[in-house]
Amino acid sequence: MIRRLLLLGLMLGLAACETTSVSRDYDTTRDFSRYMTWSWAQPSFEYRPDDPRIKSDLTEQRITQSVADQLDQRGLRQAQGGNIGDVKVRAYLIVDQRQDQITSYSGGYWNGYWGGYWGPPPMAETRTVTYKVATIQVDLFDGKDGKLVWRGSGEQIMRSSPPTPAEREAAINETVQKVIAQYPPH
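Residues numbered from 1 in each chain as written. Predicted model: local features only at pLDDT ≥ 70, side-chain atom pairs only at ≥ 80, totals over all residues. Heavy atoms only, no water.

**Remarks on the overall build of the chain**
Each helix and strand in the chain was counted, giving 3 helices and 8 strands. In the chain, the succession of α and β elements from N to C terminus is α-β-β-α-β-β-β-β-β-β-α. Expressed as a percentage of its 186 residues, the buried residues of the chain come to 33%. Sequence separation of at least 24 residues holds for 75% of the intrachain contacts in the chain that already meet a minimum separation of 6. As displayed, the chain has an accessible area near 12,000 Å², and 53% of this comes from carbon and sulfur atoms. (Helix = DSSP H or I, 4+ residues; strand = E, 2+ residues; numbered from the N terminus. Buried < 20%, exposed > 50% of the residue type's maximum accessible area, 1.4 Å probe, protein only. Contact = heavy atoms within 4.5 Å. Areas by Shrake-Rupley, 256 points an atom, 1.4 Å probe, with all protein chains shown as cover.)

**As for helix H2 (residues 57–73)**
A rise of 1.5 Å per residue sets the reference length of H2, with its 17 residues, at 24 Å; its end C-alpha atoms lie 24 Å apart and thus fit the reference within 8%. Residues of H2 that are buried: Thr 59, Arg 62, Ile 63, Thr 64, Ser 66, Val 67, Ala 68, Gln 70 and Leu 71. With a side-chain oxygen lying 3.2 Å from the backbone nitrogen of Leu 58, the N-terminal cap of H2 falls on Ser 56. Just beyond H2, the residue with positive phi is Gly 75, at close to 95°. (Expected span 1.5 Å × (residues − 1). Polar contact = N/O pair within 3.5 Å; in protein donor to acceptor, adjacent residues only side chain to side chain.)

**What about the packing of aromatic side chains?**
Enumeration over the complete set of coordinates arrives at 6 aromatic pairs. Seen from their ring centres, Phe 32 and Tyr 183 are 5.8 Å apart, and the 80° between their planes marks the pair as edge-to-face. Within this pair, whereas Phe 32 is found in the loop between strand S1 (21–26) and strand S2 (37–48), its partner Tyr 183 is found in the segment after helix H3 (165–180), the two being separated by 151 residues in sequence. According to the relative accessible area criterion, Phe 32 is buried, its value standing at 11%. Exposure remark for Tyr 183: the relative accessible area of 2% places this residue in the buried category. Look at Trp 150 and Tyr 183: their rings are 5.5 Å apart centre to centre, the planes differ by 85°, and that puts the pair in the edge-to-face class. In this pair, Trp 150 sits in strand S8 (residues 148–157) while Tyr 183 sits in the segment after H3, placing the two residues 33 residues apart along the sequence. When its relative accessible area of 1% is taken as the criterion, Trp 150 is described as buried. Ring-pair connections join several aromatic residues into one group, and the members of that group are Tyr 26, Phe 32, Tyr 35, Trp 150 and Tyr 183. (Phe/Tyr/Trp six-rings, centres within 6.5 Å; stacked < 30°, edge-to-face > 60°.)

**Section: the nonpolar core**
Ranked by size, the top nonpolar core spans 26 residues in total, and within it Ile 63, Val 67, Leu 93, Val 138, Leu 140 and Trp 150 carry the most contacts. Of all the elements in the fold, those that place two or more residues in this core are S2, H2, strand S4 (87–106), strand S7 (123–142), S8 and H3. Sorting elements by how many residues they give to this core places S4 first, with 5 residues. If sequence neighbours within four positions are ignored, Val 67 has contacts with Trp 40, Val 89, Ala 91, Val 138, Val 176 and Ile 180. (Core = buried A, V, L, I, M, F, W, Y, C linked by side-chain atoms within 4.5 Å.)

**Some remarks on the pattern of salt bridges**
Counting across every chain of the model gives 14 salt bridges. Asp 145 is the salt-bridge partner of Arg 30, the closest N and O atoms lying 2.9 Å from each other. In this pair, Arg 30 sits in the loop between S1 and S2 while Asp 145 sits in the loop between S7 and S8, placing the two residues 115 residues apart along the sequence. The salt bridge partner of Glu 46 is Arg 48, with a shortest N-O separation of 2.7 Å. On the basis of relative accessibility, which here comes to 18%, the residue Glu 46 falls in the buried class. Residue Arg 48 is classed as partly exposed on the basis of its relative accessible area, which comes to 41%. What you see here is one network of salt bridges that share partners, running through Asp 27, Arg 30, Arg 34, Asp 142 and Asp 145. (Salt bridge = Lys/Arg side-chain N within 4 Å of Asp/Glu carboxyl O.)

Now the structure itself:
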């Protein structure tokens, strides 16, 4: 019973450490200084997997607005009048289910420098934990040749309890900000 409480405490502690893991990739042959405007690619937003349980117009709106705001802060302006931008932008929300194994040890004690081993024999218990990871990915395609020139993504472990709308918006804004902060590549 105590081991289960310790395991639960560990899992809650890990869940509280919601950090965003950010990565990027880009075409090193491109001159990113020539990209001044952007427009949405078609489609502008995709869910992976295409699951109606995670699809939400509200989530899509939050992500696309956050991407637009961050691109503006990075010096890219949205192309006006239906014109194609120097880069086309597509965003994704990808939700994966992952598993991890956690091993906890109990029993057995070692007593000091000259002391010996005492207590019950040591035991190890391994459990498989299933959790979901949400990834926001932003792709930038060259507006002329349509090739991918930059990709940034940020992933975060999802909480087991559903967040409030304000918490969702804050998490989306924070993740998108961290992803697009890596543009343009240095």
